[in-house]
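Each chain, written out:
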Amino acid sequence: METNSATTRAHWVGTLADSRALARTYAACLVAYLPLLALLLIPQLMRSRAGSEALLTVGLLLLFALVAGAVVLAPEVSARVAPAGAHWRPGGARARVRALIREDRRTYLWRLGEFVALYIAAQCAGGVFAWLLPHVADNPAHAVDPTASAWIIDYPNFAAQAGAMYACICFALAWYATRLRAECAARA
C-alpha cells in the first residue's frame, strides 16, 4: 500500500514538473521564435491575394525553413529554461535527442508526430480566425480601375489570425520539446 501511494505521489510530482517545464518552454518559444511571427505578419509573403504567387512561394519556403529550424532548436530552448539533471542541459539536449533517435526511433517519431498534429491544429486555428474575422475582401475599385489591387487586406484581422497561429505553433514546439525532455529523463 505504501509503495502505491509513493508511486502515485511520484507520478503527480513528475506531472507537475512537466507542466512547469512546458509552461517555461512555451514562454521561451514565444520569445525565441519571433522571426516566425514576423514572417506570419507579412501578408505579401503569406497570402497570394496580397502579393504574387512568386512571393507566396518565397514566403512558404521561409516558413518551412523557420519551422524546421525551430523543431531542431526546440530541445535546446527547453534545456535552457527547464534543465533536468545531466541529461537535459543547454548544449547537450540535441545530442540527447540524436541518441534517442538512434536508440528508439519509434518513440522519437511519435513525439514528432505529436508536433505535426499540433502544427496542423495551429493551421486549423488560423482557418477559424480567418472565418470569424475575414481578412480579405474584393476591392470594388478594381472593377473601375483594373490597375488597382483586386483584393483589400484587413490587416488587423490578418494580424489576429497570424498571432493565433503563432501562439499555437509555439505551443506545438514547446509540447514537442517537453515530451522529448521527459523521454530523455526516463532513459537517463
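Residues numbered from 1 in each chain as written. Predicted model: local features only at pLDDT ≥ 70, side-chain atom pairs only at ≥ 80, totals over all residues. Heavy atoms only, no water.

A.B. asks: Go over the pattern of salt bridges, please, and point to the residues and values.
C.D. replies: In total, this model carries four salt bridges according to the counting rule given. Across the pair arginine 111 and glutamate 183 runs a salt bridge, and its minimum N-O distance is 2.6 Å. With arginine 111 in helix α6 (residues 105–132) and glutamate 183 in helix α8 (residues 155–187), this residue pair connects regions lying 72 residues apart in the sequence. Like arginine 111, the residue glutamate 183 is buried in the burial classification. Taking the shortest distance from any N to any O, the salt bridge between glutamate 114 and arginine 179 comes out at 2.9 Å. Within this pair, whereas glutamate 114 is found in helix α6, its partner arginine 179 is found in helix α8, the two being separated by 65 residues in sequence. Here the residues in one salt-bridge network are Arg111, Glu114, Arg179 and Glu183, joined through shared partners. (Salt bridge = Lys/Arg side-chain N within 4 Å of Asp/Glu carboxyl O. Helix = DSSP H or I, 4+ residues; strand = E, 2+ residues; numbered from the N terminus. Buried < 20%, exposed > 50% of the residue type's maximum accessible area, 1.4 Å probe, protein only.)

A.B. asks: Please set out α6 residue by residue, giving values where relevant.
C.D. replies: The end-to-end C-alpha separation of α6 is 40 Å, in line with the 40 Å expected for 28 residues at 1.5 Å each. Looking at α6, one finds that the buried residues are Thr107, Tyr108, Arg111, Glu114, Phe115, Tyr119, Ala122, Ala125 and Gly126. Where α6 is buried, its residues contact α4 (53–81), α5 (93–103) and α8. (Expected span 1.5 Å × (residues − 1). Contact = heavy atoms within 4.5 Å.)

A.B. asks: Outline the packing of α4 against α8, supporting the account with residue identities and numerical values.
C.D. replies: It is the contact of α4 with α8, at a shortest axis distance of 9 Å, that shows an interaxial angle of 60°. In this view, α4 runs oblique relative to α8, as classed from their interaxial angle. With respect to the hand of their crossing, α4 and α8 are arranged in right-handed fashion. Across the interface between the two elements, Ala70, Val71, Ala74, Pro75 and Ser78 from α4 touch Leu173, Tyr176, Ala177, Leu180 and Arg181 from α8. (Axes fitted to C-alpha atoms, helices over the stretch in contact; angles between N-to-C directions. Parallel < 35°, antiparallel > 145°, perpendicular 65-115°, else oblique. Left-handed = near helix turned anticlockwise from the far one by under 90°.)

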